[in-house]
Every structure is written in C-alpha cells, then in structure tokens.
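Spelled out from the first residue to the last, the chains are:
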Amino acid sequence: MTGIFDQVLKVHPEHIDRLGHVNNVIYVQWMQDVASAHIEQLGLGLNEYLQLKHAMVAVEHHVQYRKAAFEGDELILRTWLSDLNALYSFRQYAFYRPQDQNVLFTGSTQWACIEIASGRPKRMSPSFTQAYQPLSDSINPYDFSTLYLSEEAKAIREESI
C-alpha cells in the first residue's frame, strides 16, 4: 500500500453554482468525503472511532482553487497523510481532471485527536498511529500516471468509460 487514496467522482448539477462551475464549498465537502473513505479503507472509520471513544476532527483547512470544474467532468480526488504526531495528523489533497490532465484543486487539513465524550484533546492510540502512516518522500503524489483506486472504484470507472 502506498498511502495514497484515490476516489473517482463525476460532477453533477447539484455541485454547480450560479457561475456555472463547481461551488467552492463543494470542494471542502469532497475533502471530507475522500478523507472519510480513506480512513474506512485503513480500517479506522467512524465505527472504530466510536468503539475506541476517540476520533480525529478537522481543526484547520487550507485550500487553493487552481482551475474550475464543470458539470459532467470526471475527477480524481486524491488524498494522503503527510505528517503525524501524538495529537495531530496532516492530510493533503489534490483533485485532478484526467480529460485535460489538470490539477484543479489542492488543499490540506490538520486533524486533531479528541476524546469523543469530552471533546478534549487526546493522544492518539496505537490503533491510530499504526493505521495513519505518512506518505513516503519517495512517492510523488502529484504524479497521476498511476491511480490508486480500490477494486470497486476501478470497476465503476471502467463501466463509465
């Protein structure tokens, strides 16, 4: 496993704002969606959070809108962990349009580990630190010549092409 997680998405009418392109708020929703899918794949999703009684919550986002996305576009939502310490994980995002080979959006989120009952910061348990491994420096996450899709996502993508 490389540590990169890709999700294929098709832009739908409900993603479009009055200017005819994807609304800025939608990108933040996609950040949440792809991060959630990634942690589920890592085996540490919402159900595990509830069992462990602690969870990761977003405390800071940085976003850069580079090019517009439009209805009907197929996008690759890519995410990976870039750093980790006892309380925080740092996640990166790059959203890519294969049709014209453009990165449309980049972003990052700082996630904090909290105790669910109190909302107070909590040191990550070994379950978290073992599952959440930062991407190796030897891998270029902006190289989209290789996609890191689940088998299910590959099948869905093949059907739509």
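Conventions we followed
- Residues numbered from 1 in each chain as written.
- Predicted model: local features only at pLDDT ≥ 70, side-chain atom pairs only at ≥ 80, totals over all residues.
- Heavy atoms only, no water.
- Salt bridge = Lys/Arg side-chain N within 4 Å of Asp/Glu carboxyl O.
- Helix = DSSP H or I, 4+ residues; strand = E, 2+ residues; numbered from the N terminus.
- Buried < 20%, exposed > 50% of the residue type's maximum accessible area, 1.4 Å probe, protein only.
- Phe/Tyr/Trp six-rings, centres within 6.5 Å; stacked < 30°, edge-to-face > 60°.
- Lys NZ or Arg CZ within 6 Å of the ring centre and 35° of its normal.
- Pairing = 2+ DSSP bridges.
- Axes fitted to C-alpha atoms, helices over the stretch in contact; angles between N-to-C directions.
- Contact = heavy atoms within 4.5 Å.
- Core = buried A, V, L, I, M, F, W, Y, C linked by side-chain atoms within 4.5 Å.
- Polar contact = N/O pair within 3.5 Å; in protein donor to acceptor, adjacent residues only side chain to side chain.
- Expected span 1.5 Å × (residues − 1).

1. Digging into the pattern of salt bridges
A side chain with one charge can pair with a side chain of the opposite charge if their charged atoms come near.
For step 1, the next point in the chain: As enumerated under the stated definition, the model contains 3 salt bridges in all.
For step 2, the next point in the chain: Residue Asp73 is joined to Arg97 by a salt bridge in which the shortest nitrogen-to-oxygen separation is 2.9 Å. A residue pair is termed long-range when its members are at least 10 positions apart, and Asp73 in the loop between β2 (54–65) and β3 (74–84) and Arg97 in strand β4 (residues 88–97) qualify at 24 residues.
For step 3, the next point in the chain: For Arg97, a relative accessible area of 7% corresponds to the buried category.
For step 4, the next point in the chain: In this structure, Asp100 and Arg97 form a salt bridge, with 3.0 Å as the shortest nitrogen-oxygen distance.

2. Some remarks on the packing of aromatic side chains
For step 1, the next point in the chain: Following the criterion strictly, the structure yields 13 aromatic pairs and no others.
For step 2, the next point in the chain: For the ring pair Tyr27 and Phe105, a centre distance of 5.0 Å and an interplane angle of 15 degrees mean the geometry is stacked. Remark: Phe105 occurs in strand β5 (residues 102–115) and Tyr27 occurs in helix α1 (residues 24–41); sequence separation between them is 78 residues.
For step 3, the next point in the chain: A ring pair is formed by Tyr96 and Phe144, whose centres lie 4.1 Å apart and whose planes are at 5 degrees; its orientation type is stacked. Of this pair, Tyr96 sits in strand β4 while Phe144 is found in the loop between α3 (126–131) and α4 (151–160), placing the two residues 48 residues apart along the sequence.
For step 4, the next point in the chain: Every member of this aromatic cluster is reached through a ring pair, and the members are Tyr27, Trp30, Tyr65, Tyr93, Phe95 and Phe105.
For step 5, the next point in the chain: Positioned above the aromatic ring of Phe144 is the side chain of Arg78, whose terminal nitrogen or guanidinium carbon lies 4.0 Å from the ring centre.

3. Examining the sheet that holds β4
For step 1, the next point in the chain: Taking strand neighbours across the sheet as the criterion, the 5 strands line up as β1-β3-β4-β5-β2 in an open arrangement whose pairing is antiparallel. Whereas interior strands pair on both sides, the edge strands pair on one side only; in this sheet they are β1 (5–10) and β2. Averaged over all neighbouring strand pairs, the angle between strand axes comes to 25 degrees, with direction disregarded.
For step 2, the next point in the chain: Across the sheet, α1 is in contact with β1, β2, β3, β4 and β5; its angle to β4 comes to roughly 115 degrees.

4. Re the nonpolar core
For step 1, the next point in the chain: In this structure, Trp30, Phe95 and Tyr132 are the most contacted members of the largest nonpolar core, which totals 30 residues.
For step 2, the next point in the chain: Of all the secondary-structure elements, those providing two or more residues to this core are β1, α1, β2, β3, β4, β5 and α3.
For step 3, the next point in the chain: Top contributing element to this core by residue count: α1, with 8 residues.
For step 4, the next point in the chain: When near neighbours in sequence (up to four residues on either side) are disregarded, Tyr132 contacts Ile39, Leu42, Leu44, Tyr49, Met56, Leu81, Leu84 and Met124.
For step 5, the next point in the chain: Membership of the second largest hydrophobic core comes to 8 residues, among which are Ile4, Trp80, Leu135 and Phe144.

5. Observations concerning the side chain of Asp6
For step 1, the next point in the chain: Checked against the element boundaries, Asp6 lands in strand β1.
For step 2, the next point in the chain: Within the local environment of Asp6, its side chain forms a polar contact with the backbone nitrogen of Tyr148, the two atoms lying 2.7 Å apart.

6. Thoughts on α1
Since the α-helix advances by 3.6 residues per turn, residues separated by three or four positions end up pointing in the same direction.
For step 1, the next point in the chain: Spanning 18 residues, α1 covers 26 Å between terminal C-alpha atoms, matching the ideal 26 Å at 1.5 Å per step.
For step 2, the next point in the chain: For α1, the set of buried residues is Ile26, Tyr27, Trp30, Met31, Val34, Ala35, Ala37, His38 and Ile39.
For step 3, the next point in the chain: In this structure, the buried side of α1 is in contact with β1, α2 (46–52), β2, β3, β4 and β5.
For step 4, the next point in the chain: The backbone nitrogen of Val25 lies 2.8 Å from a side-chain oxygen of the residue at the head of α1, namely Asn23.

Purely spatial values, then, with no claim about function.
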